[in-house]
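# Working through the structure, step by step
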Amino acid sequence: MGGLKMEKYKHSGKIGILGIIYMLIFGIASALLFGMLYSYLIHFIPFPYINFFITLGFGIIVGVATGYGGKLGKIRNNKVMLIGGLLTGIIALYCSWVGYIFVSSGSETWLLNPASILTMAKVVAAIGPWSIFGITFKGALLYFVWIIEALIIVGTSTIVAMGHISDSIFCEKCNKWLRHKETISRLEPLKNLDVQIKQFQQGDFSSLYGLKKANSNVYTELEIQHCHLCKEQYFLAVKLIGISIDKDGKEKKKESEIVKHATISASTYNQLSKLKK
């Protein structure tokens, strides 16, 4: 294998209509459902630090729902997932404003037209809805807070949705996501790391075959994914793990990924599987 080059898994870019439908249904449903809940929480909990985490949580929930729908619909395209997360994030922001105006008006006013919402926002900004430590948030200061809020909701939704499939592997032959992972841990640290990395880049993983079990705080960990149906797709991740104890006596784990989603042959998989014994 010395003359070869290491191949890595890459999404095929395939989408499918069902994937788009699932992604939007799950994302929009979560925006509608949690948008109202978010509005109530923000209105009745007047603590900026808590509100920050509520806002972050709202964006994460919408992003997770969008990503779940896309993955369920077997989307293998990071850009499409990014656009989906961006779109549902914007819808979530819109739902939060609809809910905010409804809650602030004593459950009397529903504004669904974006232009009407913008007009109401200008009125609220001129008055200032709340004060902290004697500072009334209105005008430019309030607009700044709203911009940060919008960036958190939309940005988090976008990143989380895309991340939902970025580390996943799909078997195109079997039309199935790979879910099972085999972890072979506590192997002795890699020696001559620079040399071995060059070997890995050439698709040569034979240096891993002879690794022995180690009891040290620095060790090698292998993570293997493969398709149980066709038994033709095998992927390897190689990590260097370091364990340290902080001043409070708590264990801290530092992880460095040397190889990620490298394609390996069935024979290489069989050799590495022997390390589990």
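Analysis parameters
- Residues numbered from 1 in each chain as written.
- Predicted model: local features only at pLDDT ≥ 70, side-chain atom pairs only at ≥ 80, totals over all residues.
- Heavy atoms only, no water.
- Helix = DSSP H or I, 4+ residues; strand = E, 2+ residues; numbered from the N terminus.
- Expected span 1.5 Å × (residues − 1).
- Polar contact = N/O pair within 3.5 Å; in protein donor to acceptor, adjacent residues only side chain to side chain.
- Salt bridge = Lys/Arg side-chain N within 4 Å of Asp/Glu carboxyl O.
- Buried < 20%, exposed > 50% of the residue type's maximum accessible area, 1.4 Å probe, protein only.
- Arc of directions from axis to C-beta.
- Contact = heavy atoms within 4.5 Å.
- Phe/Tyr/Trp six-rings, centres within 6.5 Å; stacked < 30°, edge-to-face > 60°.
- Lys NZ or Arg CZ within 6 Å of the ring centre and 35° of its normal.
- Pairing = 2+ DSSP bridges.
- Axes fitted to C-alpha atoms, helices over the stretch in contact; angles between N-to-C directions.

### Some points on helix H3 (residues 78–104)
- When the terminal C-alpha atoms of H3 are compared, their 38 Å separation across 27 residues agrees well with the 39 Å that a helix rising 1.5 Å per residue should span.
- Two or three places before Lys-79, at the start of H3, stands the capping residue Asn-77, its side-chain oxygen 3.0 Å from that residue's backbone nitrogen.
- Remark: Gly-106 follows H3 within two positions and exhibits a positive phi of approximately 75 degrees.

### Describing the pattern of salt bridges
- Applying the stated rule across the entire model yields 8 salt bridges.
- One salt bridge connects Lys-173 with Glu-232, and the closest N-O pair in it is separated by 2.7 Å. With Lys-173 in the loop between strand S3 (170–171) and strand S4 (176–177) and Glu-232 in the loop between strand S6 (218–226) and strand S7 (234–245), the pair connects residues that are 59 residues apart, well separated along the chain.
- One salt bridge connects Lys-181 with Glu-223, and the closest N-O pair in it is separated by 3.8 Å. Here Lys-181 is found in strand S5 (residues 181–187), whereas its partner Glu-223 is found in strand S6, with 42 residues between them in sequence.
- A relative accessible area of 44% means that Lys-181 is categorised as partly exposed.
- Residue Glu-223 is classed as buried on the basis of its relative accessible area, which comes to 16%.
- Linked through salt bridges whose partners overlap, the residues forming this network are Lys-181, Glu-223, Lys-239 and Glu-255.

### Re helix H4 (residues 114–127)
- The end-to-end C-alpha distance of H4 is 20 Å, a good match for the 20 Å that 14 residues give at a rise of 1.5 Å each.
- Every buried residue belonging to H4 is among Ile-117, Ala-121, Val-124 and Ala-125, and all of these are buried. Down the axis of H4, the buried set is contained in an arc of 100 degrees. They therefore lie on one face. In H4, those exposed residues whose orientation departs by more than 90 degrees from the buried face are Ala-126 and Ile-127.
- Considering only its buried residues, H4 is in contact with H3 and helix H5 (139–166).
- The backbone nitrogen of Ala-115 lies 2.8 Å from a side-chain oxygen of the residue at the head of H4, namely Asn-113.

### Considering the packing of aromatic side chains
- Within the structure shown, the criterion is met by 13 aromatic pairs.
- When the centroid spacing of 4.7 Å and the interplanar angle of 15 degrees are considered together, the rings of Tyr-38 and Phe-58 count as stacked. Of this pair, Tyr-38 sits in helix H1 (residues 17–44) while Phe-58 sits in helix H2 (residues 48–72), and the two are 20 residues apart along the sequence. Taken individually, Tyr-38 and Phe-58 each receive the classification buried, so the pair is uniform in this respect.
- When the centroid spacing of 5.3 Å and the interplanar angle of 20 degrees are considered together, the rings of Phe-200 and Phe-205 count as stacked.
- In this structure Phe-200 comes out as buried when scored by relative accessible area, which is 1%.
- Phe-205 sits in the buried class, given a relative accessible area of 2%.
- Within the aromatic cluster, the residues linked to one another by ring pairs are Trp-97, Tyr-100, Tyr-143 and Trp-146.
- The ring of Trp-177 carries the charged tip of Lys-71 above its face, separated from the ring centre by 5.4 Å.
- Across from the ring centre of Phe-170, 4.1 Å away, lies the NZ or CZ of Arg-76, which sits over that ring.

### Some details on the sheet that holds S6
- Overall, antiparallel pairing links the 4 strands, which are arranged S5-S6-S7-S8 in an open sheet. The open sheet is flanked by S5 and strand S8 (251–263), the only strands paired with a single partner. Ignoring strand direction, the axes of neighbouring strands in this sheet form an average angle of 20 degrees.
- With 5 bridges connecting them, S5 and S6 associate as antiparallel partners.

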